[in-house]
Amino acid sequence: MPHCASFLSSMAQPNRVQTLVDSGLAVVPPQYIQAPDHRAGGLRHDAAAAPPIAVPVIDLDPQSGDPILDIRRACKDWGVFQVINHGVPISLLEEMKRVGLAFFRSPTEAKLRYACDPRFPASEGYGSKMLSKDGGVLDWRDYFDHHTLPESRCNPNRWPDYPDNYRHVVGEYSNSMKALAQKLLRMISISLGLAPSYIEDVIGEVYQNITISYYPPCPQPELALGLQTHSDIGAISLLIQDDVGGLEVLKDGEWVLVQPLSDAIIVLLSDQTEIITNGEYASAEHRALVNAKQVRLSVATFYDPSKTRVISPAAELITDRSPQKYRSVVYGDYLSSWYGKGPEGKRNLDALLIHQ
Ligand SMILES: O=C(O)CCC(=O)C(=O)O
Ligand SMILES: [Fe+2]
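Identification of the protein chain as Leucocyanidin oxygenase protein from Dioscorea alata is taken from an unreviewed UniProt entry.

In structure tokens, the structure reads:
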């Protein structure tokens, strides 16, 4: 029975936002409508409304001076900054976005060959719903998640094989992001007076995931979010975005748009860095807005500890004036709680707070 067969195949293929949009949707389905106090009102493309404050841009070129002081200030005041002259070829940033977009522009059946397994959170591949819990508001986003490090979990055969150079580009991009994350974590450790390798030593063997996010145009952008408010879970995230704009970070209670800069890489401090630094540097709360007209694409590289690592505040940063703020946590436990409950701002980090 054709009717039955098509019903079964739609059951087997979880919805993607892009498929909904391609079906000619004029309104946002109820599962994607945010509660009124979570709504962003959509992306305001209003040239006159230049932000009164902007996310810091730090030049990493050693000829331009010592960036450690700038990094300290940006980590303390923002938890997010953009870096330029970072050593990663701009052509590689462009190529990474280009192959990602080509994958999302390919036919649905071709994309579904790489569908992630919806039974497991953060499973590799093409997906849309990130959290394992049911009933939460859904993000207006599709994604492709690649497991890139350690080598034992990296299998490029599970990545798209088109365009021809897709797998090669992701491999090169992974190497470049690893080198940049190591450089930044060393600078961040130094900026706190810790040994340069301090944060890397706590993290242990690195787990790196590269997630391409694809945000289709949204018929009612004022009602939905591309990605709900969250801070990233691991140690540090490196993000590139196209020129559409939509990433916002929370700064002193105000949402600030991260201005797209084609040669920059956005650095977001994540929750484990907040714990290790005993709250000296807080992880960045951020969200992604959608808009009615344009597709938006970003590529996030997450640099995270191994699941068995115990993450604790650095003893060197605990003093009488700054007592221990967080309990220690096994990273794998933190991860399970996050994927089970969802972010809701920073609730998973708040659960570790030691109340003085
Ligand atoms: O698309 C963006 O700008 C944000 C992506 C992000 O925050 C994430 O993947 O965790
Ligand atoms: Fe994020």
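Picking up after the structure, the text goes on.
Enquirer: What's the story with the coordination of the iron ion (ligand 2) in this structure? I'm lost.
Expert: Geometrically, a metal with four donors at the corners of a regular tetrahedron has ideal angles of 109.5 degrees, and one with six donors at the corners of a regular octahedron has ideal angles of 90 or 180 degrees. Protein coordination at the iron ion (ligand 2) comes from His230 (NE2), Asp232 (OD) and His286 (NE2), with a distance range of 2.1 to 2.2 Å. Sequence spacing among the residues donating to the iron ion (ligand 2) works out to H-x1-D-x53-H. Placement of the pair is aspartate 232 in the loop between strand 6 (227–230) and strand 7 (236–241) and histidine 286 in strand 11 (residues 286–288), with a sequence separation of 54 residues. With respect to burial, aspartate 232 and histidine 286 carry one shared label: buried.

Enquirer: Is there a simple way to explain the pairing of strand 4 (residues 142–149) in this structure?
Expert: As a general feature of sheets, a regular strand has side chains that alternate between the two faces. The element strand 4 is largely enclosed, with a buried count of eight among its eight residues. Of the strand pairs in this sheet, strand 3 (residues 125–127) and strand 4 are connected by three bridges, and their pairing is antiparallel. When the bridges of strand 4 are listed, glycine 125 appears paired with aspartate 145. Relative to strand 5 (residues 207–215), strand 4 is paired through seven bridges, and the arrangement is antiparallel. Looking at strand 5, one finds that aspartate 142 is bridged to tyrosine 214.

Enquirer: Which parts of the structure should I look at to understand the sheet that holds strand 4?
Expert: Within a sheet, each strand pairs with its neighbour through backbone hydrogen bonds, oriented either parallel or antiparallel. Within the open sheet, the eight strands sit side by side as 1-2-10-7-12-5-4-3. Their pairing is mixed. The open sheet has two edge strands, strand 1 (57–59) and strand 3, and neither has a second partner. Neighbour-to-neighbour, the strand axes of this sheet turn through a mean angle of 25°, independent of strand direction. Judged from the nine bridges that link them, strand 5 and strand 12 (residues 296–304) form a sheet pairing that is antiparallel. Counted as the bridge partner of isoleucine 210 is threonine 301 from strand 12. Taken strand by strand, helix 6 (residues 166–191) contacts strand 2 (80–84), strand 4, strand 5, strand 7, strand 10 (265–269) and strand 12, and its axis lies near 130° from that of strand 7.

Enquirer: I'm lost on empty space enclosed by the protein in this one. Help?
Expert: The probe, sized like a water molecule, is rolled over the atoms to show the empty space still left. Following the criterion strictly, the structure yields one cavity of 30 Å³ or more and no others. What the largest cavity holds in volume is close to 40 Å³. When residues of the lining of the largest cavity are traced back to their parent elements, those giving at least two are helix 4 (90–104) and strand 7.

Enquirer: Is there a simple way to explain helix 9 (residues 331–341) in this structure?
Expert: Structural remark: α-helix, 3.6 residues per turn; residues separated by three or four positions point the same way. The set of residues buried in helix 9 consists of Tyr331, Gly332, Tyr334, Leu335, Trp338 and Tyr339. Buried residues along helix 9 cover an arc of 155° about the axis, so they all sit on one side. On the buried face of helix 9, the contacting elements are strand 6, helix 8 (271–276), strand 12, strand 13 (310–311), strand 14 (329–330) and helix 10 (347–350). Following helix 9 by one or two positions, glycine 342 has its phi on the positive side, about 90°.

Enquirer: I keep staring at the site of ligand 1 and nothing clicks. Help me out?
Expert: Inspection of the region around ligand 1 gives Arg141, Tyr215, Leu227, His230, Asp232, Leu239, Leu247, His286, Arg296, Ser298, Ala300 and Phe302 as its neighbouring residues. Within the contact set of ligand 1, an oxygen atom lies 2.8 Å away from a side-chain nitrogen or oxygen of arginine 296. Its free accessible area being 300 Å², ligand 1 has 96% of it covered by the protein chains. Of all the secondary-structure elements, those providing two or more residues to the shell around ligand 1 are strand 6 and strand 12.

Thresholds, definitions, all that
- Residues numbered from 1 in each chain as written.
- Chains lettered and ligands numbered in written order.
- Predicted model: local features only at pLDDT ≥ 70, side-chain atom pairs only at ≥ 80, totals over all residues.
- Heavy atoms only, no water.
- Donors = N, O, S within 2.8 Å, 3.2 Å for Na, K, Ca; no water.
- Helix = DSSP H or I, 4+ residues; strand = E, 2+ residues; numbered from the N terminus.
- Buried < 20%, exposed > 50% of the residue type's maximum accessible area, 1.4 Å probe, protein only.
- Pairing = 2+ DSSP bridges.
- Axes fitted to C-alpha atoms, helices over the stretch in contact; angles between N-to-C directions.
- Contact = heavy atoms within 4.5 Å.
- 1 Å grid on protein atoms, 1.4 Å probe; cavity = no way out; pocket = protein on both sides within 12 Å on 5 of 7 lines; lining within 4 Å.
- Points joined across faces, edges and corners; volume = space filled by probe spheres on them.
- Arc of directions from axis to C-beta.
- Near = heavy atom within 4 Å.
- Polar contact = N/O pair within 3.5 Å; in protein donor to acceptor, adjacent residues only side chain to side chain.
- Areas by Shrake-Rupley, 256 points an atom, 1.4 Å probe, with all protein chains shown as cover.

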